[in-house]
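Here are the chains, one letter per residue:
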Amino acid sequence: MQNTATPTHCPYCALQCGMNLTPASDGTVELSERADFPVNRGALCGKGRTAPAVLSSRVRLTSPLVRSEGTLVPASWEEALDRIAEGLSRTRAEHGPDAVGVFGGGGLTNEKAYTLGKFARVVLGTSQIDYNGRFCMSSAAAAGIKAFGLDRGLPFPLEDIPKTGCVILVGSNLAETMPPSLRFFHELRENGGTLIVVDPRRTKTAEQADLHLAPRPGTDLALALGLLHLVVAEGRTDEEYIRERTTGWEEARAEALAHWPEYVERITGVSVPELREAVRMFCEPESAMVLTARGPEQQSKGTDTVGAWINLCLATGRAGRPLSGYGCLTGQGNGQGGREHGQKADQLPGYRKLTDPEARRHVAEVWGVDPDSLPGPGRSAYELLDALGTDIRALLLMASNPVVSAPRAAHVEERIKSLDFLAVCDVVLSETAALADVVLPVTQWAEETGTTTNLEGRVLLRRQAITPPDGIRSDLVVMHELAGRLGVEKGFPTDPEEVFEELRRASAGGPADYSGITYRRIVEENGVFWPCPADGDAPEPVHPGTPRLFHDRFATEDGRAHFVPVAHRASAEEPDEEYPVLLTTGRVVSQYQSGAQTRRVDELNAAAPGPFVELHPRLAARLGAAEGDPLAVVSRRGRAVAPARITTAIRPDTVFMPFHWPGEGRANTLTNPALDPTSRMPEFKVCAVRVETVEGQL
Ligand SMILES: Nc1nc2c(c(=O)[nH]1)N[C@H]1C(S)=C(S)[C@@H](COP(=O)(O)OP(=O)(O)OC[C@H]3O[C@@H](n4cnc5c(=O)[nH]c(N)nc54)[C@H](O)[C@@H]3O)O[C@H]1N2
Ligand SMILES: Nc1nc2c(c(=O)[nH]1)N[C@H]1C(S)=C(S)[C@@H](COP(=O)(O)OP(=O)(O)OC[C@H]3O[C@@H](n4cnc5c(=O)[nH]c(N)nc54)[C@H](O)[C@@H]3O)O[C@H]1N2
Ligand code: SF4
Ligand SMILES: [Mo]
């Protein structure tokens with residue numbers, strides 16, 4: 001490796017901030033500002049800035065581990081890979097291919113996610129593959145496909161935000177989850193636009209808003225319907241747009257009219273004057289946007305909820321037009337690309353459907369296999385985890401830590417422990433890796449090359465800046481080696497660009513068409529937005545990519561956007577006498593996800609040392625709890641204990657816990673795995689709990 005700066009991207013969230021890396025003398029890297037990348041223009045949050053700390057051998061895995069007499073001990077790569085091949089093939093021989101499961105992650109590059117999906121279907125022949133992105137933006141994806149015929153996080157670049165008239169941010173705390181993106185909202189307000197934030201908590205993001213609506217968790221569906229009711233009642237619909245660019249308005253309108261503002265106020269706790277003010281702010285300017293994140297999406301009615309917000313955009317002519325639209329702020333580094341190339345239970349590369357005969361034929365041809373040999377769709381992430389130890393007896397897990405991050409985590413942990421065989425590829429010994437029979441240490445972002453697709457649908461190139469330490473191999477090498485051991489010698493290259501070239505062909509003609517994108521173009525153009533088809537037989541692809549979607553037509557068959565008729569319904573678990581308080585969960589700025597990586601960084605731990613229970617002073621007074629007192633939060637799934645953090649920034653009927661920690665304070669011990677019927681998203685954002693001081697009870 002040369003001793004010069006390599007421009008690349010952060011390993012963590014979907015913003016995929018640009019940064020420069022220069023090899024340092026201790027084998028890690030020095031990070032410096034990369035001002036030319038338009039998403040962050042050099043700015044980084046604390047996680048991104050400290051990411052090099054995880055490259056240190058002090059915190060990472062340095063050797064494969066195999067379980068021997070109950071404990072994990074270092075082993076050679078040969079032995080570890082042989083053990084995995086044997087574990088997976090024995091299960092397959094004894095119980096059939098569907099007894100082998102695969103679980104992936106939205107942190108994997110496109111090349112890895114693509115290869116993992118291919119590995120499951122071609123090498124293992126299993127239908128049982130899904131990934132943690134199911135826990136992330138699947139509800140928004142399902143709603144986007146229903147309404148627009150296509151799902152891409154944002155249908156426009158972030159740079160459009162400052163130029164619109166009003167943004168409603170629904171259940172996003174981006175001041176903590178994507179801090180450099182706050183700049184776009186500051187610029188929006190400087191330009192005279194307004195920001196409405198919908199969050200049960202007065203978050204750092206809500207503090208920036210012109211209007212903060214604080215609904216009861218789990219009631220965004222009613223809220224959106226109430227706003228649409230007022231839009232109709234006040235004559236603010238865009239009739240011409242509805243007529244020319246949409247279908248299904250009559251039914252959606254009828255549902256909205258059934259949700260009277262006073263009724264909505266009772267359900268949500270948001271007052272009628274606040275509803276009216278929001279409608280005025282959203283409808284008066286020429287353009288406006290609605291952006292959702294995990295707040296409204298991680299619900300057992302997440303798909304309908306996002307559908308209701310999309311209906312609001314459609315009724316007011318605010319989709320598929322310049323500076324207007326609905327978008328979802330995706331989450332993980334490759335949350336977007338990770339869901340397009342085949343690690344999802346029902347998908348083939350290019351965002352194709354596994355049930356579509358033409359898609360099967362196309363992809364099977366690229367893979368050189370018989371279309372009939374491809375298995376059908378499998379189970380969703382939680383259903384897959386729930387089936388471990390029963391139907392699914394061996395699991396290959398790559399880039400997720402479900403012991404901390406899955407709903408009803410104690411049950412999931414017990415299911416994982418009941419497996420006949422577990423293999424985990426990770427960079428650190430996560431809580432889930434610690435339960436494995438074999439753990440493989442893999443290369444990290446700065447040590448390998450690969451593409452990611454950020455929340456804007458911009459395909460980016462993360463570039464290798466340093467040589468990985470001895471004893472560490474990439475996920476692509478792991479899959480190549482395992483494929484060979486399981487009898488598939490060809491088709492699993494270890495060079496990322498070679499994988500990308502195949503992915504281009506596999507995605508060609510699909511909804512997420514990458515066939516016109518090359519590594520060279522990504523570098524030269526600072527990212528390329530999909531869809532970007534290849535241009536026939538042209539030697540070099542020239543399609544410019546698609547930063548802005550739907551301006552001419554929507555991606556549905558008739559080219560129109562489809563209203564979805566939705567009505568309010570309760571959350572799967574509502575408070576009752578025994579469990580009178582609502583629990584919602586989420587993130588803090590200094591930890592990432594299950595914390596597997598960020599809990600290994602001193603600076604981040606100093607800023608966010610452990611879990612807590614955020615509650616309102618009125619609830620604290622009823623409990624007799626003071627700041628810092630240990631509180632037990634009890635749900636039908638289990639009990640967690642963490643110190644009280646008392647603040648007026650939360651509704652008195654709700655407590656909030658971040659989910660970044662294992663052990664006693666693990667928020668997911670409590671959460672409800674009730675699934676959305678369409679997206680199969682678990683209800684991370686609402687369940688009923690009782691809160692107790694550790695001596696007494698509410
Ligand atoms: N620091 C940090 N940044 C991250 C991550 C991280 O773990 N840490 N993870 C990345 C990933 S994968 C993701 S998915 C994104 C997530 O990014 P966000 O969606 O911004 O994160 P959350 O904190 O999960 O949820 C956002 C807000 O939803 C609110 N909320 C809770 N219940 C409801 C409800 O019923 N309705 C509404 N409207 N709001 C509700 C919460 O109070 C919270 O403030 O962040 C990414 N960035
Ligand atoms: N209560 C509650 N629970 C939640 C949520 C919530 O809001 N509330 N949010 C959900 C959401 S949105 C998400 S996205 C999930 C995320 O939860 P997880 O799936 O657990 O995500 P991470 O903690 O990022 O785990 C990624 C793991 O992969 C490893 N890793 C990183 N890069 C690579 C790589 O290239 N290869 C391999 N093999 N490993 C790698 C990391 O070290 C880490 O151990 O959590 C979900 N859980
Ligand atoms: S905002 Fe996201 S991409 Fe940017 S530095 Fe922080 S974690 Fe990395
Ligand atoms: Mo996520």
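Here goes a summary of the coordinates provided. (Residues numbered from 1 in each chain as written. Chains lettered and ligands numbered in written order. Predicted model: local features only at pLDDT ≥ 70, side-chain atom pairs only at ≥ 80, totals over all residues. Heavy atoms only, no water.)

1. Digging into helix H19 (residues 496–507)
For H19, built from twelve residues, the straight-helix expectation of 16 Å at 1.5 Å per residue is met to within 8% by its first-to-last C-alpha distance of 16 Å. When we look at burial in H19, the residues that qualify are Pro496, Val499, Phe500, Glu502, Leu503, Arg504, Ala506 and Ser507. Looking at the packing, one finds that the buried side of H19 touches helix H3 (110–124), strand S15 (352–353), helix H14 (357–367), strand S19 (450–453), helix H18 (475–485) and helix H20 (519–525). After H19 finishes, the residue Gly509 shows a positive phi value of roughly 85 degrees. (Helix = DSSP H or I, 4+ residues; strand = E, 2+ residues; numbered from the N terminus. Expected span 1.5 Å × (residues − 1). Buried < 20%, exposed > 50% of the residue type's maximum accessible area, 1.4 Å probe, protein only. Contact = heavy atoms within 4.5 Å.)

2. Re the sheet that holds strand S10 (residues 211–213)
Each strand in a sheet pairs with its neighbour through backbone hydrogen bonds, running either in the same direction (parallel) or in the opposite one (antiparallel). Strand order in this open sheet of five strands is S10-S9-S8-S12-S13, and the pairing throughout is parallel. Edge strands, defined here as strands with exactly one partner in the open sheet, are S10 and strand S13 (325–328). Between one strand axis and the next, the sheet turns through 15 degrees on average, direction left out of account. Pairing analysis gives five bridges linking strand S8 (residues 166–170) to strand S9 (residues 194–198), with the strands arranged parallel. (Pairing = 2+ DSSP bridges. Axes fitted to C-alpha atoms, helices over the stretch in contact; angles between N-to-C directions.)

3. Examining the site of ligand 2
Neighbouring ligand 2 are 31 residues; Asn132, Ser400, Ser405, Asp426 and Ser594 lie closest to it. One of the side-chain nitrogen or oxygen atoms of Asp475 is found 2.7 Å away from a nitrogen atom of ligand 2. Bound to the protein, ligand 2 loses 96% of the 920 Å² it would expose on its own. (Near = heavy atom within 4 Å. Polar contact = N/O pair within 3.5 Å; in protein donor to acceptor, adjacent residues only side chain to side chain. Areas by Shrake-Rupley, 256 points an atom, 1.4 Å probe, with all protein chains shown as cover.)

4. Describing the pairing of strand S28 (residues 672–675)
Of the two faces of S28, the one carrying Asn672 and Ala674 and the one carrying Pro673 and Leu675 are both buried. The sheet contact formed by S28 and strand S29 (residues 682–683) spans two bridges and is antiparallel. Directly across from Asn672, in S29, lies its bridge partner Glu683. Following S28, the chain reverses through six residues before pairing antiparallel with S29; Arg680 in that reversal takes a positive phi of roughly 60 degrees.

5. What about helix H7 (residues 220–233)?
Taking 1.5 Å per residue as the helical rise, H7 with its 14 residues ought to reach 20 Å, and the 20 Å between its terminal C-alpha atoms agrees with that figure. Taken across its 14 residues, H7 has 13 buried, putting it largely inside the fold. Within two residues after H7, Gly235 carries a phi angle of roughly 65 degrees, on the positive side.

6. A closer look at the side chain of Ser405
For Ser405, the position within the fold is in helix H16 (residues 402–405). Apart from the residues within four sequence positions on either side, Ser405 is in contact with Phe135, Ser400, Ser594, Phe659, Asn668 and Phe684.

7. Points about the packing of aromatic side chains
The geometry of two aromatic rings is summed up by the distance between their centres and the angle between their planes. A complete count under the given rule lists ten aromatic pairs for this structure. Here Phe500 and Tyr519 contribute two aromatic rings whose centre-to-centre distance is 5.3 Å and whose plane-to-plane angle is 45 degrees, an arrangement assigned as tilted. In this pair, Phe500 is assigned in helix H19 and Tyr519 in helix H20, connecting sequence segments 19 residues apart. Here Phe500 matches Tyr519 in class, with each residue buried. An aromatic cluster is present here, built from Phe148, Phe550 and Phe554 joined pairwise through their rings. Positioned over the ring face of Phe184 is Arg183, at 4.4 Å from the centre of the ring. (Phe/Tyr/Trp six-rings, centres within 6.5 Å; stacked < 30°, edge-to-face > 60°. Lys NZ or Arg CZ within 6 Å of the ring centre and 35° of its normal.)

8. Things to note about the packing of H14 against H19
Relative orientation of the contacting elements H14 and H19 amounts to 155 degrees, with a least axis distance of 9 Å. With respect to each other, H14 and H19 are oriented roughly antiparallel. The handedness of the crossing between H14 and H19 comes out as right-handed. Contact residues: His362, Val363, Val366 and Trp367 in H14; Glu502, Arg505 and Ala506 in H19. For the contact of H14 with H19, a count of residues per class yields four nonpolar, one polar and two charged. (Parallel < 35°, antiparallel > 145°, perpendicular 65-115°, else oblique. Left-handed = near helix turned anticlockwise from the far one by under 90°. Nonpolar A, V, L, I, M, F, W, Y, C, P; charged D, E, K, R; others polar.)

9. Quick notes on the nonpolar core
Formed by 163 residues in total, the largest nonpolar core has its most connected members in Phe119, Phe148 and Trp309. The leading source of residues in this core is H7, at nine residues. Phe135, Leu385, Ile392 and Leu419 belong to the second-largest nonpolar core, a separate cluster that totals 25 residues. (Core = buried A, V, L, I, M, F, W, Y, C linked by side-chain atoms within 4.5 Å.)

10. Digging into the pairing of strand S4 (residues 65–68)
Bridging between S4 and strand S5 (residues 71–74) involves four bridges; their strand directions are antiparallel. Bridge pairing in S5 links Val66 to Val73. Hairpin connection of S4 to S5: two residues between the antiparallel strands, including Glu69 at a positive phi of 50 degrees. When S4 meets strand S18 (residues 438–441), the two strands line up antiparallel, connected through two bridges. From the neighbouring strand, Leu65 faces S18, where its bridge partner is Val439.

11. Considerations on the sheet that holds strand S17 (residues 421–426)
Read across the sheet, seven strands follow the order S5-S4-S18-S17-S16-S6-S7 without closing on themselves; strand pairing throughout is mixed. This sheet does not close on itself; its edge strands, each paired only once, are S5 and strand S7 (129–131). The sheet shows a mean angle of 20 degrees between the axes of neighbouring strands, taken without regard to direction. Inspection of the sheet shows strand S16 (residues 394–398) paired to S17 by five bridges, in the parallel sense. Residue pairing across strands places Met398 opposite Cys425, the latter belonging to S17.

12. Regarding the pattern of salt bridges
Applying the stated rule across the entire model yields 47 salt bridges. A salt bridge links Lys112 to Asp475; the shortest N-O distance between them is 2.8 Å. On the criterion of sequence distance, the pair formed by Lys112 in helix H3 and Asp475 in helix H18 is long-range, its members being 363 residues apart. Neither Lys112 nor Asp475 differs from the other in exposure class; each is buried. Between Arg651 and Asp653 there is a salt bridge, and its shortest N-O distance comes to 2.7 Å. By relative accessible area, Arg651 is classed as buried at 16%. Classification of Asp653 as partly exposed rests on a relative accessible area of 25%. Each of the salt bridges in this network shares a partner with another, and the network as a whole consists of Glu78, Asp82, Glu481 and Arg485. (Salt bridge = Lys/Arg side-chain N within 4 Å of Asp/Glu carboxyl O.)

13. A word on unusual backbone geometry
Here the bond from Trp530 into Pro531 is cis, since omega is -5 degrees, no more than 30 degrees from zero. Note that Pro531 resides in the loop between strand S21 (528–529) and strand S22 (561–562). Residues other than glycine seldom take positive phi values, yet Gln593 does so here, at roughly 55 degrees. With respect to the helices and strands, Gln593 occurs in the loop between strand S23 (581–586) and helix H21 (602–607).

14. A few points about the environment of Thr203
You can see Thr203 is positioned in the loop between S9 and S10. Of the residues examined, Thr203 reaches a relative accessible area of 5% and is grouped as buried. Expressed as a C-alpha distance, the spacing of Thr203 and Glu498, which sit 295 residues apart in the sequence, is 44 Å.

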